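# Tertiary structure, described
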Amino acid sequence: MCGIVGYIGNEDAKEILLKGLEKLEYRGYDSAGIAVVNKEGVHIYKEKGRIASLRNVVDESTEATAGIGHTRWATHGPPSKRNAHPHQSTSSRFTIVHNGVIENYEQLKREYLEDVTFTSDTDTEVIVQLVEQFMKEDQSVEAAFRKVLSLLKGSYATALLDEQEPEKIYVGKNKSPLLVGIGDGVNVIASDAMAMLQVTNQFVELMDKEVVIVTRDAVTIKSIDGQTVERDHFVAELDASDIEKGTYPHFMLKEIDEQPFVIRNIISKYQDDNGQIILDEDIRATLKEADRLYIIAAGTSYHAGLMGKQLIETISGKPVEVHIASEFLYNMPLLSEKPLFIFISQSGETADSRGVLVDIKEKGYPALTITNVPGSTLSREADFTLHTHAGPEIAVASTKAYTAQMAVLAILACDLANAKGITVDFDPIQELSIVANAMETLCDKKETFEKIARDYLSITRNCFFIGRAADYYVCLEGALKLKEISYIQAEGFAGGELKHGTIALIEDGTPVIALATQDHVNLSIRGNVKEVAARGAATCIISMGDCAQEDDQFVIPPVHKHLSALATVIPLQLISYYAALHRDCDVDKPRNLAKSVTVE
Ligand code: F6R
């Protein structure tokens, strides 16, 4: 969470930093700031709220060609101008931005900074005050910076300006993502390549505990003990248009609409010219060898994991457990003899998942990451990576990443069955292309979902989603989508479980959206709909193909039963989108959230 940028070149640094921060706003958006440096000194502009608010306070007349910037998701101290980055040392000589959490900041304050008066509630300020403190020991800024970083426990991607050296940015990284971008007479830093595509598409990845000195013409990477490190750059394969809304009012709507293309893209990446599944042989062998798979994920990715369990167990017969990442280490199950851990994560940066990855790697277990961001922390630190090829997902609410994760899991399940010599009556590639067509049809029916959102969700304070079997898992995702962007209290429920307590919440007009896409539970879920309708609920049934009945509010075109979730979720994504719109909510940047959850 939080995003940082830095620029040193020949152009107006303010504008480049602000544009970069706009691209990083998905990482946090409760306050933001920039610091630019010129011969007169460092100029800091910061504001509570979005980058748009920051723009209003930046003095246009300040000329500077170097600087750093930050967009914040508050951890230590409430969102406010006082806690917004950049932060300065007492003398104002040093200025810093930081993404991450310094776990031992209180201890460092006690040990080294007793006499210092702090001007923010943040953990970050400790870093910049320590640099100033260690400079009193008559050492170079670089040595002082390295000494500070070596004392920090926790995560950081950080950039430091020294007023006395306006031609340099000092950079450090541990556990939080950070890239250095290389240009001609210009160099940049960014939490995500997207932020600096405006300057360059060539980047160098930084490793944990590295320190970098960035000037206009050079990037010097060093280990924390000062040894120079050589590293090649890579070209970011990002199309600038992927990260623009184009004609769409919101990224979320664009990303919902992109799902048919994403599924077709996955098909093209995972199928060879002979129609066979393409999968790394080592992944194939490791999957086959494992006696149990442990899927670890959070939020929407956890919901994809639930479907993954059903797909893998049904198709390949391999036992699977799915665990919420933040709970796994505290409620650890008994592990099998040969476990394989599968981390599902859109961003590849989720700290809760990484905590599990670090733990299981220490214990010597193999790990596979399924992610939309190859090169992300979870991807780098696992033994294997499978890419979901969904393209950048900018809206905070995950949509296309979820369906992409399930598509890859379906392919994986079939490949595993093939590797075990099991004949499967299910061609994932062919069935996924039917799903892509169905998704297209669903995306063309926006008015219907807009009307459902208006009729059922305009004034309600709560909503229930009910379903059975795979539909139940989609209900969990539908409820998460609705609550995160519309702030309607929503719950996904197993149809049969309602009467064991939750049905007490049903009153006259309570919206209950029921999914009826599974043949074997069609009658029973319809029975559950009758139960809530008898107690006054406003029921809305979304069914599929042969499960449809005359009065259903919407019928989804039929897709293979293994893949029903990929189609069924689209009406729920669109209903959530329109519900949020009708309630004037900020669809792409819902309150209190951030896209990349890099704190535990
Ligand atoms: C919900 C959403 C979150 C993420 C969760 C995990 O729309 O986006 O629930 O799914 O924070 O993030 P990743 O998948 O990046 O690990």
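Residues numbered from 1 in each chain as written. Predicted model: local features only at pLDDT ≥ 70, side-chain atom pairs only at ≥ 80, totals over all residues. Heavy atoms only, no water.

### Description of the overall build of the protein chain
Across its full length, the protein chain holds 18 helices and 25 strands. Here the C-alpha atoms of the protein chain give a radius of gyration of 25 Å, agreeing with the 25 Å that 2.2 N^0.38 yields for 600 residues. Residues classed as buried in the protein chain amount to 60% of the 600 residues present. Across the protein chain, the fraction of contacts at a sequence separation of at least 24, relative to all contacts at a separation of at least 6, is 72%. Roughly 23100 Å² of accessible area belongs to the protein chain as shown, and the carbon and sulfur atoms make up 46% of that amount. (Helix = DSSP H or I, 4+ residues; strand = E, 2+ residues; numbered from the N terminus. Rg over C-alpha atoms; globule rule 2.2 N^0.38 Å. Buried < 20%, exposed > 50% of the residue type's maximum accessible area, 1.4 Å probe, protein only. Contact = heavy atoms within 4.5 Å. Areas by Shrake-Rupley, 256 points an atom, 1.4 Å probe, with all protein chains shown as cover.)

### A look at a nonpolar patch on the surface
A cluster of nonpolar side chains, contributed by L329, Y330 and M332, occupies part of the molecular surface with about 300 Å² of accessible area. Note on placement: L329 falls in the loop between α10 (325-328) and β18 (339-345). The exposure class of L329 is partly exposed, given its relative accessible area of 32%. (Patch = residues over 30% accessible without salt bridge, like charges linked within 9 Å, V, L, I, M, F, W, Y side chains within 5 Å. Salt bridge = Lys/Arg side-chain N within 4 Å of Asp/Glu carboxyl O.)

### Observations concerning the nonpolar core
With 128 residues, the main nonpolar core has L287, L293, I342, L386, F465, I542 and L566 as its most contacted residues. Sort the elements by how many residues they give to this core and helix α13 (residues 400-419) lands first, with 13 residues. When residues no more than four places from it in sequence are discounted, the contact partners of I342 are L287, L293, Y294, I295, I296, L368, I370 and L412. Membership of the second largest hydrophobic core comes to 26 residues, among which are Y105, V116, F145 and V211. (Core = buried A, V, L, I, M, F, W, Y, C linked by side-chain atoms within 4.5 Å.)

### Details of helix α1 (residues 13-24)
Across its 12 residues, α1 extends 16 Å between first and last C-alpha, which sits within 8% of the 16 Å expected from 1.5 Å per residue. Of the residues making up α1, those classed as buried are A13, K14, I16, L17, L18, G20, L21 and L24. The secondary structure elements touched by the buried residues of α1 are β1 (3-8), β2 (31-38), α2 (51-57) and β4 (66-72). (Expected span 1.5 Å × (residues − 1).)

### Considering the pattern of salt bridges
If you walk through the whole model with that rule in mind, you get 36 salt bridges. Put simply, R146 and E142 hold a salt bridge, and the shortest N to O gap is 3.2 Å. Taken together, the residues R146 and E142, both in helix α5 (residues 141-151) and 4 residues apart, mark about one turn of the helix. The residues R146 and E142 share a single accessibility class, namely buried.

### Looking at the state of the cysteines
Here the structure, examined in full by the defined rule, presents 0 disulfides. Considering cysteine sulfurs only, C540 is the nearest to C463, which forms no disulfide, with 8.8 Å between them. What makes C463 buried here is its relative accessible area of 0%. (Disulfide = S-S within 2.5 Å.)

### Quick word on the sheet that holds strand β25 (residues 554-556)
Strand order in the open sheet formed by 5 strands is β22-β21-β23-β24-β25, and the pairing between neighbours is parallel. Every other strand in the sheet has two partners, leaving β22 (489-494) and β25 as the edge strands with one partner each. Direction aside, the axes of adjacent strands within the sheet are offset by 20° on average. In this fold helix α18 (residues 564-582) packs onto β21 (462-467), β23 (511-516), β24 (538-544) and β25, with an angle of close to 145° to the strand it touches most, β24. (Pairing = 2+ DSSP bridges. Axes fitted to C-alpha atoms, helices over the stretch in contact; angles between N-to-C directions.)

### Quick notes on the pairing of strand β9 (residues 179-182)
Direction of pairing for β9 relative to strand β10 (residues 187-190): antiparallel, over a ladder of 4 bridges. Residue pairing for β10: G181 is matched across the bridge by V188. Here β9 folds back onto β10, and the loop between the two strands holds 4 residues, one of which, G185, carries a positive phi near 70°. Sheet analysis places β9 next to strand β11 (residues 202-205), joined by 3 bridges and oriented antiparallel.

### So, the sheet that holds β1
Strands sit in the order β3-β2-β4-β1-β10-β9-β11-β15 across an open sheet of 8 strands; the sheet is antiparallel. A single partner strand is all that each edge strand has here, and the edge strands are β3 (41-48) and β15 (234-235). Bridge analysis of β1 against β10 gives 4 bridges, and the strand direction is antiparallel. Bridge pairing links I8 to N187 in β10.

### Regarding the packing of helix α15 (residues 446-457) against α18
Between α15 and α18, the shortest axis-to-axis distance is 8 Å and the interhelical angle comes to 55°. The pairing of α15 with α18 is recorded here as oblique in orientation. Relative to α18, α15 is oriented so that their crossing is right-handed. Contact with α15, carried on its side by K446, F449, E450, I452, A453, R454 and L457, involves P571, L574, I575, Y578, A579 and H582 of α18 and no other residues of that element. (Parallel < 35°, antiparallel > 145°, perpendicular 65-115°, else oblique. Left-handed = near helix turned anticlockwise from the far one by under 90°.)

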